Each structure stands twice: as C-alpha cells, then as structure tokens.
Amino acid sequence: MQLLKDRIIQDGVGIGTEILKVDSFLNHQIDVELLDQIAQEFKRLFGDQNVNKILTIEASGIAIACITAMHFGNLPVVFAKKTSPNTMTDEFYGAEVKSFTKGTVSIARVAKKYLQKGDRVLIVDDFLAHGEAAFGMADLVRQAGGKVVGIGAVIEKQFQGGAKKLRKESYRVESLAVIKSIKDGNIEFL
Ligand code: 5GP
C-alpha cells in the first residue's frame, strides 16, 4: 500500500535494526484517515471470506480492528486482553504470547462467550514481527472451534520471520507494508 509506505518513510523512526516506531500516526497519535484507507484495503483483500468477527490484541490493534469492522458492515470486534482484570470473571480461552519489544510473556485471553464454534475470524494487528501475537490469537480461535480466514498486518517486518511461519501453517497472511530491513535509521521495503 503506497500511501502507507510513504507515511512510514516520512514519519517512521527505525530503532536499531529490529524496531520501527510509528507513534505519530498509528501507535500513540492516530491518523484516522490513513486508518480508514488501511481498513478499506483489508476489506478489498478479505471481503470475500464471509468474515463474521474481527479479532485483535490490545492495545494498538483495537483502533485498526474497529475501523476495519465498519468496512465489513459493522462486524463485532473482539480484542484479546494481555492481563487478567478483576472484571474478567467469565471463563476464557488463553494462549501464551511472548513480546520481543517488551521482553515479557503474557497470556492473551478472550472470554469464551465472545469466540464461538463456527466463527470465521479475521485477525488484524498493527505489526507482524515474529508471529507470536498472531499465533496466540489463532490458537484462541482454534480453542473456540472457529476458523481463522485471514491475518492482516498493517506493517510486517519480514526479517523477523513471523509471516513465513504462519504461511507454513497454511494461514493466509496479507501485510500492507513489508519491511525488509532497518539499518542506521533507513527503512527498506521489500
Ligand atoms: P510479534 O508477536 O509478531 O513478534 O510482534 C507483534 C506485536 O508486537 C504487535 O502486536 C506489536 O504491537 C508489537 N511489535 C512488534 N514489533 C514492533 C515494532 O517494530 N514496533 C511497534 N510499535 N510494535 C511492534
């Protein structure tokens, strides 16, 4: 998606060789017009998949999932929680997710009533790096007896291998901007 790549070049900040910071339009301040274009692109890519639910993980995926859901006719959005709040009294599905950016391991949780057998789920997230978050979410859908019909990433860091691993497991992965490398602040796309 050229508009997104241009924005990454203009405003993205490469940190070392592993991390891209996009706080000015995606992760801290949000450009909703760009998000709307991103959502349209997900609709173009996955619109024929009879999606009935969109799944993401807190926090950065939520805004993306909500605008995407509007393009799919206001589908419900479910976001996996990374902590177990006191309010989460229902039974839940849980999957371990490692975070390379934070160096932590957490359990992604979704209450059982929000993921069901027969659900056709589109997973979306801001970044696809090692694939941990996506594999965790796919596992939650599997536990519920649903089907992951697609995984949409706004930005894929191809060099961290997550998309390759997911495709090897037969998931359909579509990334709107694919980064080949980050070096000395330079962001190289595929
Ligand atoms: P993965 O689980 O695929 O290794 O990493 C994806 C998750 O980690 C995303 O939910 C995203 O929030 C976070 N993440 C991974 N790499 C980056 C990055 O370069 N920049 C930002 N802002 N978040 C990242």
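Residues numbered from 1 in each chain as written. Predicted model: local features only at pLDDT ≥ 70, side-chain atom pairs only at ≥ 80, totals over all residues. Heavy atoms only, no water.

This part is about the pairing of strand 5 (residues 92-99). Every second residue of strand 5 is oriented toward a common face, the buried set being Tyr-93, Ala-95, Val-97 and Ser-99 and the non-buried set Phe-92, Gly-94, Glu-96 and Lys-98. Here strand 5 pairs with strand 6 (residues 104-111) via 8 bridges, running antiparallel. Along strand 6, the bridge assignment pairs Ala-95 with Ala-108. The hairpin turn running from strand 5 into strand 6, its antiparallel successor, is 4 residues long, and Gly-103 in that turn takes a positive phi close to 70 degrees. (Buried < 20%, exposed > 50% of the residue type's maximum accessible area, 1.4 Å probe, protein only. Helix = DSSP H or I, 4+ residues; strand = E, 2+ residues; numbered from the N terminus. Pairing = 2+ DSSP bridges.)

Bringing helix 4 (residues 61-71) into the picture now. Of all the residues in helix 4, the buried ones are Gly-61, Ile-64, Ala-65, Ile-67, Thr-68 and Ala-69. Contact partners of the buried residues in helix 4: helix 2 (23-27), helix 3 (32-46), strand 3 (53-57), strand 4 (77-80), strand 7 (120-128) and strand 8 (147-157). Phi turns positive, to about 80 degrees, at Gly-73, one or two residues after helix 4. (Contact = heavy atoms within 4.5 Å.)

Turning next to the sheet that holds strand 3. Paired through backbone hydrogen bonds, the strands of a sheet run either parallel or antiparallel to each other. Within the open sheet, the 6 strands sit side by side as 4-3-7-8-9-10. Their pairing is mixed. Where the open sheet ends on each side, the last strands, each with one partner, are strand 4 and strand 10 (186-189). Taken pair by pair, the neighbouring strands of this sheet meet at an average axis angle of 30 degrees, ignoring direction. In this sheet, strand 9 (residues 173-183) lies alongside strand 8 in parallel orientation, the contact comprising 6 bridges. Considered in strand 9, the bridge of Gly-152 is made with Glu-174. In the packing of helix 1 (residues 2-11) onto the sheet, contacts are made with strand 8, strand 9 and strand 10, and the angle to strand 10 comes to roughly 165 degrees. Each of strand 7, strand 8 and strand 9 is contacted by helix 3, which is oriented at about 140 degrees to strand 8, the strand it contacts most. (Axes fitted to C-alpha atoms, helices over the stretch in contact; angles between N-to-C directions.)

With that settled, consider the layout of surface pockets. For the largest pocket, the calculated volume is near 850 Å³. Forming the boundary of the largest pocket are 40 residues, of which Lys-82, Ser-99, Thr-101, Asp-126 and Phe-127 lie nearest the centre. Contributing elements (two or more residues each) for the lining of the largest pocket: strand 2 (19-21), helix 2, strand 5, strand 6, strand 7, helix 5 (132-144) and strand 8. In terms of residue count, the dominant contributor to the lining of the largest pocket is strand 7 (6 residues). For the lining of the largest pocket, the residue count by class is 18 nonpolar, 11 polar and 11 charged. (1 Å grid on protein atoms, 1.4 Å probe; cavity = no way out; pocket = protein on both sides within 12 Å on 5 of 7 lines; lining within 4 Å. Points joined across faces, edges and corners; volume = space filled by probe spheres on them. Nonpolar A, V, L, I, M, F, W, Y, C, P; charged D, E, K, R; others polar.)

As enumerated under the stated definition, the model contains 2 aromatic pairs in all. Geometrically, the ring pair formed by Phe-42 and Phe-46 is tilted, given 6.5 Å between the ring centres and 35 degrees between the ring planes. Of this pair, Phe-42 and Phe-46 both sit in helix 3, separated by 4 residues, roughly a single helical turn. Using a relative accessible area of 0% as the deciding quantity, one classes Phe-46 as buried. (Phe/Tyr/Trp six-rings, centres within 6.5 Å; stacked < 30°, edge-to-face > 60°.)

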